[in-house]
Amino acid sequence: MRRATTTAVLVALGYYAGVHVGLVLKFPPSTPSFVWPPNAILTAALLLTPPRRWWICLLAALPAHLAAEFGMGWPLPLVLALFATNCSEALIAAVGVRWLSDTPARFDTLRRMTVFLVAAGLVAPFLSSFLDAAAVTIVRGELYWSVWQARFFSNALTGLMLVPAIVMGVTAGPAWLRRAPGARRAEAALLTVALVLVGGWVFGLMTVHPTILGGPVTPIVFLLPIILLASVRFGPGGASLCMVGTSVVAVWAAAGGRGPFAGLPPAETVRALQILLIMLATPILCLAAVLVDHRRARSALGERVHELRESEALKSAILNSLNPAVAVLGRDGRIIDLGSNWFRGSGQGGAPAVAGLGLGDNFLEAWGQTASVWMPGAAKITASILEVLHGARHDFSFEYPCQSGAGERWFAVSIVRLDRPESGAVVSCADITSRKAAELDIERSRQELTHFMRVFMAGEMTASFAHELNQPLTGILTNARAGLLFLDAAPPDLSEMRAILSDIVDDGKRAGEVIQRLRDFLRKSDPQRASLDLNVVVHEVVRMLASDAIIRNVPITVDLDEKPVLVFADRVQLQQVVLNLLLNGMDAVAESTGARRAVVVHTRNTELDTVHVCVEDCGPGLRAGTYDLLFEPFFTTKPTGMGMGLAICRSIIGAHDGVIWAQDNPSGGAAFHFAMPAVTAAPA
Ligand code: ADP
């Protein structure tokens, strides 16, 4: 509603002002107007508003038209007929542009500009002038063709110059004013000043003798550089504003009987100026549109080339990591065959730009003797090759980072013994820096998401935490009150006081532990793996959920392996997995109407050097058809669910080389399992 009112007010004001400008730029009073802005303003308004709101623009223009033209003493039928022809011109132009242009309010390609020039600059004034001339001829008895001509030229010129200026002023002007750097503003200001000065001189405002000796007959050519510069630097918007400026200066000068057409009678002067400006505006606007189009195409091409270059770089990085440099070594370590991908660095003396395996041409030949080499991983490679050749191991493969002048690079090395009499081993080395960077990126995002989910889950357990904290805090309060009473006794019972204070200390510790657990759980830090007992992890989580279980009336039972269930893992991440599975189990039980309400956690060491954890519930079980979707991100069947919990569990367990799966329990409810490698010996 507010928008419609604003549009209506702006159109009415613009139209009203346009009529007055048209009347002012009329010289001398008996001749037709030089330019007639109301129609151009209406056309611009129609181009800027969707067709369903056009009626607002047309209706808003009516009072402005009546107010402006009644003062001229014309009869009402003529005033109304002229309004109808004005509207018809704007409508023909807007319908034509909308029909033929892909973006009606833009003039930044040759096609869009041509459509505009033809529809709004030629066809609309051409057709509507027949009606206009007929109305004027009938009511005022003027000559049909001279009215037609006068209207056609003035409306064509105004449409050409003003519509792009208004449309672009509205669509791009505010952004330009806000964002244009100082240098651009200064350039625009300079061009404006130059246009006014040169235009004034050309059209004889400043001197009554504009022509220079031997100069061209139409000195408007002096304006061309400025207009061209405006088109090149500021596109169609700059060009049309420049044309508006030129027309204003020209009409001013011509009204005073000066300028290049000074010798002509007034009506001829008007026509000559109009034709000149139309002829000038048409190619200039096209040129400006072509330039913008060209600039856009060039930048799109630039982007494409950049993309291609990037994808080339990526391709070569992938190829590089797929195409390792391979060397076949003899039993004594001599190179038998060296693939072409080995980087041949400049050797120990001059550090190469990118670290590689090559240390001069002799690196691989010399590896046996060269115990210390410049590359951090090289010593390890050398030692590994020796181990393989001496039969201590069959193969090695490892990834290692390497600092070089160009930053950190990652290499993947593999050494495999060849079980053939003449050959010793195959060494391959691939630059996997790009892959590593991508992996690190993914890992970082995964950690962010994991932490976010922990915060989300902690939010869900607020009631539980509040309940857990409440117990020690109430204990402290009760004990403190009792203590005050004991102090009042004479003499105070010191042994009771000591017992009370020690209870307060215990409660304080319990409250501190609750907060510490929450802080540990929410801490945002890099995962730190350590050898830990999953039984302990399960206990910690069950304790965290103890109050929640009471509040929701879903008891959690544990059935843990008697022996420690040892894994090498990040404690907080595993807590997160168990917590998520338990919360889901409790949700499921809450959903079910069955009499049994319990969630059970089992942990087991298996014979396959893996550990197995299972969380079972008595809920409704898994929904048919959802088995494949459960661990997908954003899959949820809960009204307030996020569907990220199980996806994160899978990524955490996957990162710990484990697997997670779900199945329905034969006795009802769902069971979520995960298994991961057990720690048999202390991890290296
Ligand atoms: P959320 O809990 O936000 O929905 P999850 O990834 O943790 O996200 O769970 C995804 C979906 O898996 C749940 O919406 C639910 O449909 C199903 N689901 C998870 N746990 C159970 C369970 N114990 N019993 C039945 N369905 C479950």
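A few points on the structure. All of these numbers come straight from a predicted model, not from anything done at the bench.

**Digging into the packing of aromatic side chains**
Within a pair of aromatic rings, the relevant descriptors are the distance that separates the centres and the angle that separates the planes.
1) Next: Applying the stated criterion across every chain, the model contains 13 aromatic pairs.
2) Next: Between F126 and W148, the ring centres sit 5.3 Å apart and the planes meet at 90°, which makes this aromatic pair edge-to-face. With a gap of 22 residues between them, F126 in helix α5 (residues 110–140) and W148 in helix α6 (residues 144–171) connect regions that are remote in the sequence.
3) Next: Between W148 and F152, the ring centres sit 5.2 Å apart and the planes meet at 10°, which makes this aromatic pair stacked. A residue pair is termed a helical-turn pair when its members lie 3 or 4 positions apart in one helix, as W148 and F152 do in helix α6 at 4 residues.
4) Next: Three or more aromatic residues joined by ring pairs make a cluster, and in this case those are F126, F130, Y144, W145, W148, F152 and F153.

**Here's the deal with the site of the ligand**
1) Next: Around the ligand sit 20 residues, and of these D617, T636, T637, K638 and L646 come closest.
2) Next: T637 has a polar side-chain atom sitting 2.4 Å from an oxygen atom of the ligand.
3) Next: At 3.4 Å, a backbone N or O of G645 approaches an oxygen atom of the ligand.
4) Next: Relative to its free-state accessible area of 540 Å², the ligand is covered by the protein chains to the extent of 91%.
5) Next: At the level of elements, α18 (571–591), α19 (645–655) and β12 (670–677) are the ones that each hand at least two residues to the shell around the ligand.
6) Next: No other element matches α18, which puts 4 residues into the shell around the ligand.
7) Next: Looking at side-chain class alone, the shell around the ligand contains 9 nonpolar, 9 polar and 2 charged residues.

**Describing the pairing of strand β11 (residues 659–664)**
1) Next: Pairing of β11 with β12, which is carried by 6 bridges, proceeds in the antiparallel orientation. Opposite D664, over in β12, you have A670 as the bridge partner.
2) Next: Between β11 and β12, which pair antiparallel and follow one another directly, the connecting turn spans 5 residues, one of which, G668, has a positive phi of 110°.

**Regarding the packing of helix α2 (residues 37–48) against α6**
1) Next: Relative to each other, α2 and α6 sit at 40°, their axes nearing to 7 Å. Classified by the angle their axes make, α2 and α6 are oblique. The chirality of how α2 crosses α6 is right-handed. For the pair α2 and α6, contact is made by P37, N39, A40, I41, T43, A44, L47 and L48 and by R151, N155, T158, G159, L162, V163, I166, V167, V170 and T171, respectively.
2) Next: Partitioning the contact of α2 with α6 into residue classes produces 11 nonpolar, 6 polar and 1 charged.

**A word on the packing of α5 against α6**
1) Next: As a packed pair, α5 and α6 sit with axes 8 Å apart at the nearest point and diverge in direction by 145°. Where α5 crosses over α6, the two elements pack in a sense that is right-handed.
2) Next: Class assignment for the residues of the contact of α5 with α6 results in 18 nonpolar, 6 polar and 2 charged.

**Digging into the nonpolar core**
1) Next: Of all hydrophobic cores here, the largest spans 79 residues; its most connected members are F34, L42, M113, F116 and F203.
2) Next: Apart from the residues lying within four places of it in its own chain, the contact partners of F116 are V97, F107, G121, G159, L160, V163 and P164.
3) Next: Core analysis: the next-biggest nonpolar cluster, separate from the first, contains 50 residues, M461, A569, L622 and M676 among them.

**A few points about the side chain of N665**
1) Next: Positionally, N665 belongs in the loop between β11 and β12.
2) Next: For N665, a relative accessible area of 13% corresponds to the buried category.
3) Next: Among all residues touching N665, those that are not within four sequence positions of it are E616, D617, A670 and A671.

**Some points on helix α15 (residues 494–522)**
1) Next: A rise of 1.5 Å per residue sets the reference length of α15, with its 29 residues, at 42 Å; its end C-alpha atoms lie 42 Å apart and thus fit the reference within 8%.
2) Next: Buried within α15 we find M497, I500, D507, A511, V514, R517 and F521.

Cut-offs and rules
Residues numbered from 1 in each chain as written. Predicted model: local features only at pLDDT ≥ 70, side-chain atom pairs only at ≥ 80, totals over all residues. Heavy atoms only, no water. Phe/Tyr/Trp six-rings, centres within 6.5 Å; stacked < 30°, edge-to-face > 60°. Helix = DSSP H or I, 4+ residues; strand = E, 2+ residues; numbered from the N terminus. Near = heavy atom within 4 Å. Polar contact = N/O pair within 3.5 Å; in protein donor to acceptor, adjacent residues only side chain to side chain. Areas by Shrake-Rupley, 256 points an atom, 1.4 Å probe, with all protein chains shown as cover. Nonpolar A, V, L, I, M, F, W, Y, C, P; charged D, E, K, R; others polar. Pairing = 2+ DSSP bridges. Axes fitted to C-alpha atoms, helices over the stretch in contact; angles between N-to-C directions. Parallel < 35°, antiparallel > 145°, perpendicular 65-115°, else oblique. Left-handed = near helix turned anticlockwise from the far one by under 90°. Contact = heavy atoms within 4.5 Å. Core = buried A, V, L, I, M, F, W, Y, C linked by side-chain atoms within 4.5 Å. Buried < 20%, exposed > 50% of the residue type's maximum accessible area, 1.4 Å probe, protein only. Expected span 1.5 Å × (residues − 1).

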